[in-house]
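Take a look at the letters that make up each chain.
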Amino acid sequence: MKVLGISGSPRAGGNTEILVKTALNICSQNGSDTCFISLADKEINYCTACYTCKKPPYKCVHNDDATEIFEEMKSADAIIIGSPTYFSSVPGKLKSLFDRTLRLRIDNYRLSGKVGGAIAVGGSRNGGQEFVCRDIHNWMLIHEMIIVSDKKTAHFGGIGVGRNPGDILQDETGINTTENLAKRILEIIKKN
Ligand SMILES: Cc1cc2nc3c(=O)[nH]c(=O)nc-3n(C[C@H](O)[C@H](O)[C@H](O)COP(=O)(O)O)c2cc1C
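Residues numbered from 1 in each chain as written. Predicted model: local features only at pLDDT ≥ 70, side-chain atom pairs only at ≥ 80, totals over all residues. Heavy atoms only, no water.

Chemist: Help me out: how do you make sense of the site of the ligand in this one?
Modeler: The ligand sits among 17 residues. The nearest are Ser9, Thr16, Thr85, Gly162 and Arg163. Here a nitrogen atom of the ligand sits 3.0 Å away from a polar atom, N or O, in the main chain of Gly123. One of the backbone nitrogen or oxygen atoms of Gly162 is found 2.6 Å away from an oxygen atom of the ligand. In isolation the ligand offers 640 Å² of accessible surface; the protein chains occlude 79% of this area. Among the secondary structure elements, those contributing two or more residues to the shell around the ligand are helix H1 (15–29) and strand S4 (115–122). Residues of the shell around the ligand, tallied by class, amount to 4 nonpolar, 11 polar and 2 charged. (Near = heavy atom within 4 Å. Polar contact = N/O pair within 3.5 Å; in protein donor to acceptor, adjacent residues only side chain to side chain. Areas by Shrake-Rupley, 256 points an atom, 1.4 Å probe, with all protein chains shown as cover. Helix = DSSP H or I, 4+ residues; strand = E, 2+ residues; numbered from the N terminus. Nonpolar A, V, L, I, M, F, W, Y, C, P; charged D, E, K, R; others polar.)

This is the structure we're talking about:
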């Protein structure tokens, strides 16, 4: 069993990274293999709709870090995507990664059946975290993934409030919902 956690924040060591690692810790404590990827130090070019990936050998024209992330996605049983809230949505870098995964969908729905969960952090309490979760869930739905929420606190996944790096550690609800997301993911992978 392998759980991949991706922090979509362009800021290394920030609140999103802390929450994604919190979820992965729960998974590893329960016997899962885990892999953490931060987009902060990755080069991810945006999709230009050239559709080269639609024709054999289904390769993208960009030769950047998205390729290794695709390999990790393909080998995972579950994928957790964490994101900061930027204007009530995901930051451009994460959106670029989402768009680039068109290749995986064209290639016979390579993410189909994988379990997925979302984590969102915003600087404000009502800053749009739920919209961010919805953006992540939409991406997962379009890949035929199985979306789960947070066990017991069941809403939309891990949702936290924190502005400066580390603030999230003071947000009990953010930590709680994130841990509960991980628990639900583990429960569903075992049933899957
Ligand atoms: C460009 C930009 C836009 C932001 N927009 C919002 C927003 O709409 N709502 C919100 O609650 N916080 C917003 N924030 C604050 C971040 O979501 C917050 O600082 C978060 O902790 C960043 O996560 P990180 O530490 O993982 O980078 C914004 C921050 C930036 C840089």
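Let us keep going from here.
Chemist: Any chance you could explain the pairing of strand S3 (residues 78–84) here in plain terms?
Modeler: Of all 7 residues in S3, 7 are buried, a share of seventy percent or more. Residues of S3 alternate between two faces, with Ala78, Ile80, Gly82 and Pro84 on one and Ile79, Ile81 and Ser83 on the opposite face, all of them buried. With 5 bridges joining them, strand S1 (residues 2–7) and S3 adopt parallel strand pairing. Opposite Ser7, over in S3, you have Gly82 as the bridge partner. (Buried < 20%, exposed > 50% of the residue type's maximum accessible area, 1.4 Å probe, protein only. Pairing = 2+ DSSP bridges.)

Chemist: How should I be thinking about the side chain of Arg100 in this particular structure?
Modeler: Within the secondary structure, Arg100 is located in helix H3 (residues 92–100). Within the local environment of Arg100, its side chain forms a polar contact with the side chain of Asp64, the two groups lying 2.9 Å apart. Among residues more than four places away in sequence, those in contact with Arg100 are Ile44, Asn45, Tyr46, Cys47, Cys60, His62, Asp64, Ala66 and Phe70. (Contact = heavy atoms within 4.5 Å.)

Chemist: Would you mind going over the packing of aromatic side chains with me for this structure?
Modeler: For any pair of aromatic rings, the description consists of the separation of the ring centres together with the inter-plane angle of the planes. Inspection of the entire model under this criterion finds 1 aromatic pair. On the basis of an interplanar angle of 10° and a centroid distance of 4.6 Å, the ring pair of Phe98 and Trp139 is categorised as stacked. With Phe98 in helix H3 and Trp139 in helix H5 (residues 129–142), this residue pair connects regions lying 41 residues apart in the sequence. Between Lys21 and the ring centre of Phe36, over which it is positioned, the NZ or CZ distance is 4.8 Å. (Phe/Tyr/Trp six-rings, centres within 6.5 Å; stacked < 30°, edge-to-face > 60°. Lys NZ or Arg CZ within 6 Å of the ring centre and 35° of its normal.)

Chemist: Explain unusual backbone geometry here, please?
Modeler: For residues besides glycine, phi is generally negative; the peptide bonds are generally trans as well. Going from Pro56 to Pro57, the amide bond is cis rather than trans, its omega being 5°. Structurally, Pro57 can be placed in the loop between strand S2 (33–38) and helix H2 (66–75). In this model, Ala49 sits at a positive phi of 60°, which is unusual for a non-glycine residue. With relative accessibility at 48%, the residue Ala49 sits in the partly exposed group. Although it is not a glycine, Glu144 sits at a positive phi angle of roughly 60°. Tracing the sequence through the fold places Glu144 in the loop between H5 and strand S5 (146–147). Classification of Glu144 by relative accessible area gives partly exposed; the value is 42%.

Chemist: So what exactly am I meant to see when it comes to the pattern of salt bridges here?
Modeler: A side chain of one charge can pair with a side chain of the opposite charge if their charged atoms are brought near each other. Within the structure shown, the criterion is met by 10 salt bridges. For Glu72, the salt bridge identified is with Lys2, shortest N-O distance 2.5 Å. Of this pair, Glu72 sits in helix H2 while Lys2 sits in strand S1, and the two are 70 residues apart along the sequence. Glu72 gets classed as partly exposed once you look at its relative accessible area, which sits at 26%. For Lys2, a relative accessible area of 16% gives the class buried. Note that Lys151 and Glu187 form a salt bridge whose closest N and O atoms lie 2.8 Å from each other. (Salt bridge = Lys/Arg side-chain N within 4 Å of Asp/Glu carboxyl O.)

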